[in-house]
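Listed below are the residues making up each chain.
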Amino acid sequence: MRAITRTLREDLWTAAPDPLPRSWRDWQPAFAMLLVLFAVLLGVTNINQNIWQYGLGHGAGLVLGAIPSVAVVAAMFRPLPAWWAATLAMVVVALVANPHSPQLYPWTGAGIALHAAALFLLALRVRPRIAAEALAISVLAGLICIALRSPVHNPDLYQAVVALTIAAVVGASLRGRREARTELVVQAELTAEERARRTLLEERTRIARELHDVVAHHMSVISIQAQVAPHLVDNPSEALQENLIGIRANAVDALAELRRVLGVLRSEDDLSEAMRHAPQPTLDRLDELVDNVRGAGLEVDTRITGERRALPPGVELSAFRIVQEALSNVLRHAPGAAIRVELGYQATGLAIRIANTAAETADAPTRPTPPGGGHGVLGMRERVAMLGGEFAGGPIPGGGYEVVARLPLGNDS
């Protein structure tokens, strides 16, 4: 019994109701006006019935008849105290009234509607268990009042029980539906975040696989050069030979570690052996890439400014992949658009700009995209950030889209 009492006290006295839904907060003034109008109309009827049918007199009838109306309006902000006020007002009316018609006892018709409204607003803001407890207490209070004052069959009691039950069930159902929609939105956000995180990891893994080939090539060259260097010098000193042996050993160890890491990265890769061992592309293959896109039916205009020269392998690979991904995105999302590819060789870096016009038709079929594409703008942004460059992408006036990147040469220039 102590546990039950403690639970009821926590649920019906100290429990905090849910905050108002955002739609309610936006429309709260309109809801409040409608609720006030509803409460006033039924309150007038309830006051008249308290005065004339329950014999309460003008003073008591006015006060006790107005309390349920005020409670309904207050239930928008404090649902538990408002429900308690409506319930206690009903009990006081039942105890002090001298009803002329037992069929209206202990609730008047307007009193049933007001009490149901307060219970409905309560069920919208609290857990279903609390709504069920409030419903049980309301019905139990009505039964006790009938047993104390009028122990006769009262058909209006069943009407009151049905009305109050419907109000509580509908309110709890709407609250459950709101909670389910909120949970669905939260899950959708978590799913989108997880998908973005997984996409980011996949793209970083793919970039790491590609850059491995570039780094491994240089480490192999260092190892070979360190091995050959003593034979290019007449009577090399012992210190020189030891340093070259150390350089070669470090290069071999680093190469072995790179291959071990690459084995982990490629453990679930479904690329063919031929693609795995193929050399990584550079800007020397830009014309081939553009020709493939032209073969898909798009108009591509290329412009190269500055003195074209060999760039660090990481910059070459990232620049090629950025152009490739941008062209793939145009083929996927803007079929029929005209494309302009611009490369600017600068003293401190490489500037890239790929822009396209709007698609010819919104329902044009998607054309095949060049192989090797990653995850769109995310992959391009990751590549640029890896090199410490700058990236921007977005729609342009008049329709279309553009991607702009600058890849610095760093200390490799």
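Our subject is the structure listed above.
Anyway, here's the lowdown on the structure attached to this text.

Here is what the cut-offs are and how they apply
Every chain's residues receive numbers from 1 upward, in the order its sequence appears when written. This being a predicted model, a pLDDT of at least 70 is required before a residue's local features are given, and a value of 80 or more before pairs of side-chain atoms are given or counted; all residues contribute to the totals for chains, interfaces and linings. In computing side-chain properties, one takes all heavy atoms of the structure into account and sets aside hydrogens as well as water. In DSSP terms, a helix is any run of H or I states spanning at least four residues, a strand is any run of E spanning at least two, and both are numbered starting from the N terminus. Per-residue accessibility, obtained with a 1.4 Å probe over protein chains only, is compared with the maximum for each type, and a residue is labelled buried under 20%, exposed over 50%, and partly exposed between these values. Accessible surface area values rest on a Shrake-Rupley calculation with a 1.4 Å probe, where residue burial reflects the displayed protein chains alone. Paired strands, in this sense, are two strands between which DSSP finds at least two bridges. Here an angle of 0 to 180 degrees is reported between the N-to-C directions of two axes, which are lines fitted to C-alpha atoms, with helices fitted over the stretch in contact. By definition, residues are in contact when any of their heavy atoms lie within 4.5 Å. The directions considered for the arc are those from the helix axis to the C-beta atoms. We define a salt bridge as a contact between a side-chain nitrogen of Lys or Arg and a carboxyl oxygen of Asp or Glu at a distance within 4 Å. Each angle gets one of four labels, with under 35 degrees taken as roughly parallel, over 145 as roughly antiparallel, 65 to 115 as roughly perpendicular, and the rest as oblique. Each crossing gets its handedness from the near helix: less than a right angle anticlockwise from the far helix is left-handed, clockwise is right-handed. Under the scheme applied here, ten amino acids are nonpolar (Ala, Val, Leu, Ile, Met, Phe, Trp, Tyr, Cys and Pro), four are charged (Asp, Glu, Lys and Arg), and all others, including Gly, are polar. Like charges within 9 Å and nonpolar side chains (Val, Leu, Ile, Met, Phe, Trp, Tyr) within 5 Å are joined into patches, using only residues over 30% in relative accessible area that form no salt bridge.

Now for the overall build of the chain. A tally of helices and strands in the chain yields twelve helices and five strands. Counting the 413 residues in the chain, one finds 39% classified as buried. When the accessible area of the chain is evaluated, it comes to approximately 23,000 Å², of which 61% is carbon and sulfur surface.

Here we take up the sheet that holds strand 2 (residues 338-345). If you walk across this open sheet you meet the five strands as 1-2-3-5-4, and the pairing is mixed. What marks the edges here is a single partner per strand, and that holds for strand 1 (299-305) and strand 4 (390-395). Across the sheet, the mean angle separating the axes of adjacent strands is 10° when strand polarity is ignored. Sitting on the sheet, helix 11 (residues 313-333) is in contact with strand 2, strand 3 (349-356) and strand 5 (401-408), with an inclination near 5° to strand 3.

Further remarks concern the environment of Val170. Inspection of the secondary structure puts Val170 in helix 7 (residues 155-228). For Val170, a relative accessible area of 36% corresponds to the partly exposed category. Counting along the chain gives 49 residues from Val170 to Leu121, while the straight-line C-alpha distance between them is 9.9 Å.

All right, on to helix 10 (residues 286-295) then. Along helix 10, the residues that are buried comprise Leu286, Leu289, Val290 and Val293. Buried residues in helix 10, looked at end-on, bunch into an arc of 95°, giving them a common side. Among the structural elements, strand 1, helix 11 and strand 2 are those in contact with the buried residues of helix 10. Positive backbone phi, at 105°, marks Gly297, one or two positions downstream of helix 10.

Turning our attention to the pattern of salt bridges. Following the criterion strictly, the structure yields nine salt bridges and no others. Here Glu179 ties to Arg175 by a salt bridge, and the two come within 2.9 Å at their closest N and O atoms. One end of the pair is Glu179 and the other is Arg175, both in helix 7 and four residues apart, which spans about a single turn. The exposure class of Glu179 is partly exposed, given its relative accessible area of 40%. Using a relative accessible area of 5% as the deciding quantity, one classes Arg175 as buried. Connected via shared salt-bridge partners are Asp301, Arg340, Glu342, Arg353 and Glu402.

Once that is clear, we can look at the pairing of strand 4. Pairing of strand 4 with strand 5 involves six bridges; the strand directions are antiparallel. Bridging from a neighbouring strand, Phe391 pairs with Ala405 of strand 5. In this antiparallel pair of consecutive strands, strand 4 and strand 5, the connection spans five residues, and Gly398 shows a positive phi of 85°.

Let us look at the packing of helix 3 (residues 57-74) against helix 4 (residues 79-96). It is the contact of helix 3 with helix 4, at a shortest axis distance of 8 Å, that shows an interaxial angle of 165°. Relative to helix 4, the element helix 3 is oriented roughly antiparallel. Two packed elements cross with a definite hand, and for helix 3 against helix 4 that hand is left-handed. Contacts from Leu64, Ile67, Pro68, Ala71 and Ala74 of helix 3 reach helix 4 at Pro79, Ala82, Ala85, Ala86, Ala89, Val92, Val93 and Val96. Taken together, the residues of the contact of helix 3 with helix 4 break down into 13 nonpolar, no polar and no charged.

Axis separation between helix 11 and helix 12 (residues 377-386) bottoms out at 9 Å; the angle between their running directions is 165°. The orientation of helix 11 with respect to helix 12, classified from their angle, is roughly antiparallel. Regarding helix 11 and helix 12, the two cross each other, and that crossing is left-handed. Two secondary-structure elements touch here, helix 11 through Ser318, Arg321, Ile322, Glu325, Ala326 and Asn329 and helix 12 through Val377, Met380, Arg383, Val384 and Met386. In terms of residue class, the contact of helix 11 with helix 12 is made up of six nonpolar, two polar and three charged.

A cluster of nonpolar residues, Val92, Leu95, Val96, Leu140, Leu143, Ile144 and Leu148, forms a patch on the protein surface that exposes about 620 Å² of accessible area. Elements with a minimum of two residues in the nonpolar patch: helix 4 and helix 6 (128-149). A total of four residues in the nonpolar patch trace back to one element, the largest contributor, which is helix 6. Examined against the element boundaries, Leu140 turns out to sit in helix 6. With a relative accessible area of 48%, Leu140 lands in the partly exposed category.

Turning next to the pairing of strand 3. Burial within strand 3 is extensive, with six of its eight residues counted as buried. Relative to strand 3, strand 2 is paired through seven bridges, and the arrangement is antiparallel. In the sheet register, Val341 faces strand 3, and the bridge partner there is Ile354. Here strand 3 runs beside strand 5; their pairing, made up of eight bridges, is antiparallel.

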